[in-house]
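# Survey of secondary and tertiary structure
Now for the letters of each chain:
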Amino acid sequence: MTMQHRERLQQIRGVVLDADGVFFDGRETRSETGHIYKTRDYRDGQGLSFLRGMGLRIMFATGEGEPLESIVRKLNTLPSARKEPNEAGHWHPVSLRTNLKQGKGLAMLSWMDSYGLKWPEVAYIGDDRTDCEAMADVRNGGGLVVIPGDAQRVVWKYAHIVLSKHGGAGAIREFAEMVCDARGIDEEGLATA
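For the structure given in this document, a descriptive report is provided here. (Residues numbered from 1 in each chain as written. Predicted model: local features only at pLDDT ≥ 70, side-chain atom pairs only at ≥ 80, totals over all residues. Heavy atoms only, no water.)

## Remarks on the overall build of the chain
Counting its secondary structure elements, the chain contains seven helices and eight strands. Oriented by its inertia axes, the alpha-carbon framework of the chain measures out at about 45 × 40 × 30 Å. In the chain, which comprises 193 residues, the share counted as buried stands at 48%. Summarising the internal contacts of the chain: among those between residues at least 6 apart in sequence, 60% fall at separations of at least 24. About 9,500 Å² of surface is accessible on the chain, with carbon and sulfur atoms providing 46% of the total. (Helix = DSSP H or I, 4+ residues; strand = E, 2+ residues; numbered from the N terminus. Buried < 20%, exposed > 50% of the residue type's maximum accessible area, 1.4 Å probe, protein only. Contact = heavy atoms within 4.5 Å. Areas by Shrake-Rupley, 256 points an atom, 1.4 Å probe, with all protein chains shown as cover.)

Right, here's the structure in full:
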């Protein structure tokens, strides 16, 4: 990790994530009844816990509904998320923006405004064409753009950091560990869910 990356990772207060290709691996299976199944890595869930345990705010910006909606509901009912804001070990709720007719950039800006976040305090993790506008906004604003190791070539020009792990296969965990390292935090000392 470069010194510049370390400094940027120390500034981050909010992380915006795409779903397919970042939290999920990009594949889906549909049952005969129309139920959608997507694959993700539970290590990424722990990565989200690390980020939340450090006090970072998390937002998913995606056109997806289920199964992400039910996962976010579960994340927001974990014991640490139910603690009072001034109570030790409190985690901020995970935000989910799915109605993105005006684009991820505007949804992200609205979310940032609601928490008083500035561009240099935001990291965006995305992997494909639908992330380009938001990545350009984050990059131009002085934020940090991160992509999984298997991101599509259309987003490579925006990336400050290219992770070695793939989307839905440990990329979020790898990013969380980078934030821990940049801040000198041992994950073992973070509050659990």
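Further notes follow.
## Considering the packing of helix 1 (residues 3-11) against helix 7 (residues 171-183)
Direction vectors running N to C along helix 1 and helix 7 enclose 95°, while the axes themselves pass 8 Å from each other. Considering their axes alone, helix 1 and helix 7 lie roughly perpendicular with respect to each other. Contact with helix 1, carried on its side by R6, L9, Q10 and Q11, involves F175, M178, V179, D181, A182 and R183 of helix 7 and no other residues of that element. Residue classes in the contact of helix 1 with helix 7 are distributed as five nonpolar, two polar and three charged. (Axes fitted to C-alpha atoms, helices over the stretch in contact; angles between N-to-C directions. Parallel < 35°, antiparallel > 145°, perpendicular 65-115°, else oblique. Nonpolar A, V, L, I, M, F, W, Y, C, P; charged D, E, K, R; others polar.)

## So, the packing of helix 5 (residues 104-115) against helix 6 (residues 132-141)
Contact pair helix 5 / helix 6: the axes reach a minimum separation of 7 Å and the direction vectors enclose 45°. Between helix 5 and helix 6, the angle is such that the two are oblique. Of helix 6, the residues touching helix 5 (which contributes K104, G105 and M108) are E133, A134, D137 and V138. When the residues that make up the contact of helix 5 with helix 6 are grouped by side-chain class, the tally is three nonpolar, one polar and three charged.

## A short note on the nonpolar core
Ranked by internal contacts, the top residues of the largest apolar core, which has 37 residues, are V15, L17, L51 and F175. Taken together, the elements giving at least two residues each to this core come down to strand 1 (14-17), helix 2 (42-53), strand 4 (57-61), helix 3 (68-75), strand 6 (122-125), strand 7 (144-147) and helix 7. When residues of this core are assigned to their parent elements, the largest contribution, eight residues, is made by helix 7. Apart from the residues lying within four places of it in its own chain, the contact partners of L17 are V22, L48, I58, M59, F60, A61, I125 and I172. M112, Y124, C132 and V155 belong to the second-largest nonpolar core, a separate cluster that totals 20 residues. (Core = buried A, V, L, I, M, F, W, Y, C linked by side-chain atoms within 4.5 Å.)

## Some thoughts on the side chain of D127
As for its placement among the helices and strands, D127 is situated in the loop between strand 6 and helix 6. Buried and unpaired, D127 has no salt bridge, with K104 as the nearest side chain of opposite charge at 6.4 Å. Dropping the residues within four chain positions of it, D127 is found in contact with D18, D20, G21, V22, M135, P148, A151, Q152 and V155. (Lys, Arg positive; Asp, Glu negative; His and termini not counted. Salt bridge = Lys/Arg side-chain N within 4 Å of Asp/Glu carboxyl O.)

## Quick look at the sheet that holds strand 7
Read from one edge to the other, the open sheet built from six strands follows the order 5-4-1-6-7-8, with strand pairing classed as parallel. A strand with exactly one partner marks an edge of an open sheet, and here the two such strands are strand 5 (94-97) and strand 8 (161-162). Across four bridges, the pairing between strand 4 and strand 5 is parallel. Residue pairing across strands places A61 opposite R97, the latter belonging to strand 5. Against the sheet, helix 2 makes contact with strand 1, strand 4 and strand 5, and its axis sits at roughly 135° relative to strand 4, the strand it touches most. (Pairing = 2+ DSSP bridges.)

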